[in-house]
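# Structure assessment
Chain residues, written in single-letter form:
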Amino acid sequence: METRRDIFQALADPTRRAIITLIALQAMTPNAIAEHFDSTRQAISKHLQILTECELVTQKQQGREIYYQLEVDKMKEIDQWLIQFRKIWENRFNQLDEVLFTMKNENK
Amino acid sequence: MNSNLKFEFEVHKENNTIVVKREFAANLELVWKAWTTAELLDQWWGPEPCRAQTKSMDFREGGHWLYCMIVPPAVTGAETEQIHWGKQVYEKIVIHKKFSGTDSFCDENGNANPELPKGRFENVFSEETNGKTLVTMISTHASFEDVEAVIAMGFKEGITVCFTQLDALVQ
């Protein structure tokens, strides 16, 4: 529960969400990531640090550069959680469709 | 049957809000009735094979709906069915337009469980030109942690399992 809350807080920030979208395609260096934003390099580093702490991204050393990559499994975990909740409402509404259908016929 | 009905589910983590929009193929009057009448709510609020049962409902400002969700033993593996109580208190009602109030987990007498988060809800109804009705549900909590706790309760109660089983039947 502890980590999960952290993940949601990490994702509450629009810049961090944008970073995730960016590195979902390919691992990138902090400089390459920063080029996509108006924020300072320090601000981006801070965002990357928070994402790393939540294990949403990991670092990997390649030559002299550090690359950040997305932890796809961690993202899936969050999606599963919310998808289940969405499903509750989806199914509930399907039942309501049937109730409304019956009500309509009774009114005729 | 409902593939052409709009369904949107948005989680706004920045303000701890979940917004659900759904179109229904019926006029406003009928949809409003299905959402505000105990006998009708009992028919759709509990997901099969779970079911919802109203203990009391007083649909007016200051009134409340006290209901329980009954989870059959087959779902949880327990020996007997499990019963979970919920209460909605109505604060503002504008007939055929919207109603809002608070949502809580409680006991059979409607005493809210202080350990579980209370939420706020607002259900807005609007008639569309094509004979359909759009319902927008806005559910707000004090923190995202609360949102998670509410979702987690659904799992714990076995309600989510009911849906999973339903899916299995359909597939």
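Residues numbered from 1 in each chain as written. Chains lettered and ligands numbered in written order. Predicted model: local features only at pLDDT ≥ 70, side-chain atom pairs only at ≥ 80, totals over all residues.

A few words now on helix H1 (residues 28-36) of chain B. When we look at burial in H1 of chain B, the residues that qualify are Val31, Trp32 and Ala34 of chain B. One side of H1 of chain B holds all its buried residues, which, seen down the axis, span an arc of 160°. (Buried ≥ 20, exposed ≤ 12 C-beta atoms within 10 Å, placed from the backbone. Helix = DSSP H or I, 4+ residues; strand = E, 2+ residues; numbered from the N terminus. Arc of directions from axis to C-beta.)

Once that is clear, we can look at the domain arrangement of chain A. Assigned domains within chain A: domain 1 (1-70) and domain 2 (72-108). Tallying the contact residues gives 4 residues for domain 1 of chain A and 4 residues for domain 2 of chain A. (Domains from an automatic or database assignment. Contact = placed C-beta atoms within 7 Å.)

The next point concerns the confidence of the model for chain B. All names here are of chain B. Across chain B, the average pLDDT comes to 85, with 86% of residues at 70 or higher. Scored below 50 in pLDDT, residues 164-171 shows 5 contacts in the model against residues more than four places distant or in partner chains. This complex was scored by the predictor with a pTM of 0.70 and an ipTM of 0.83. (pLDDT = per-residue confidence, 0-100.)

Residues and elements named next belong to chain A. Between its first and last C-alpha atoms helix H2 (residues 14-25) spans 18 Å; for 12 residues at 1.5 Å apiece the expected length is 16 Å, and the two agree. Residues of H2 that are buried: Arg16, Ile19 and Ile23. Relative to the axis of H2, the buried residues are bounded by an arc of 55° and lie together on one face. H2 presents Pro14, Thr21, Ala24 and Leu25 as exposed residues on the side facing more than 90 degrees away from its buried surface. (Expected span 1.5 Å × (residues − 1).)

For leucine 100 of chain A, the location among the structural elements is in helix H5 (residues 72-107). Sequence separation of leucine 100 of chain A and leucine 70 of chain A is 30 residues, and the distance between their C-alpha atoms is 45 Å. When neighbours within four sequence positions are excluded, leucine 100 of chain A is seen to be in contact with Phe24, Ala25, Ala26, Leu30, Val31 and Ala34 of chain B.

Most of the time, phi is negative for any residue but glycine, and the peptide bond is trans. Phi is positive for glutamate 55 of chain A, which is not a glycine, with a value near 65°. For glutamate 55 of chain A, the position within the fold is in the loop between helix H4 (41-53) and strand E1 (57-62). Take glutamate 55 of chain A: there are 15 C-beta atoms within 10 Å of it, and that puts it in the partly exposed class. If you check the backbone angles, asparagine 16 of chain B has positive phi at about 55° while not being a glycine. Tracing the sequence through the fold places asparagine 16 of chain B in the loop between strand E1 (7-12) and strand E2 (17-24).

Glancing now at the pairing of strand E2 (residues 65-70) of chain A. Pairing geometry for E1 of chain A and E2 of chain A, over 6 bridges, is antiparallel. When the sheet's bridge partners are listed, threonine 58 of chain A is paired in E2 of chain A with glutamine 69 of chain A. (Pairing = 2+ DSSP bridges.)

The next point concerns the sheet that holds strand E3 (residues 51-57) of chain B. All names here are of chain B. With antiparallel pairing, the 8 strands of this open sheet are ordered in space as E1-E2-E8-E7-E6-E5-E4-E3. Of all strands in the sheet, those bounded by a partner on one side alone are E1 and E3. On average, adjacent strands in this sheet sit at an angle of 20° to one another, irrespective of strand direction. As defined by bridge partners, strand E7 (residues 119-127) adjoins strand E8 (residues 133-140) across 8 bridges and the pair is classed as antiparallel. (Axes fitted to C-alpha atoms, helices over the stretch in contact; angles between N-to-C directions.)

Attention shifts here to the environment of asparagine 4 of chain B. Residue and element names in this part refer to chain B. Locating asparagine 4 in the fold gives a position in the segment before E1. In this structure asparagine 4 comes out as exposed when scored by C-beta crowding, with 8 C-beta atoms within 10 Å. Along the backbone, asparagine 4 and valine 71 are 67 residues apart, and their C-alpha atoms lie at a distance of 31 Å.

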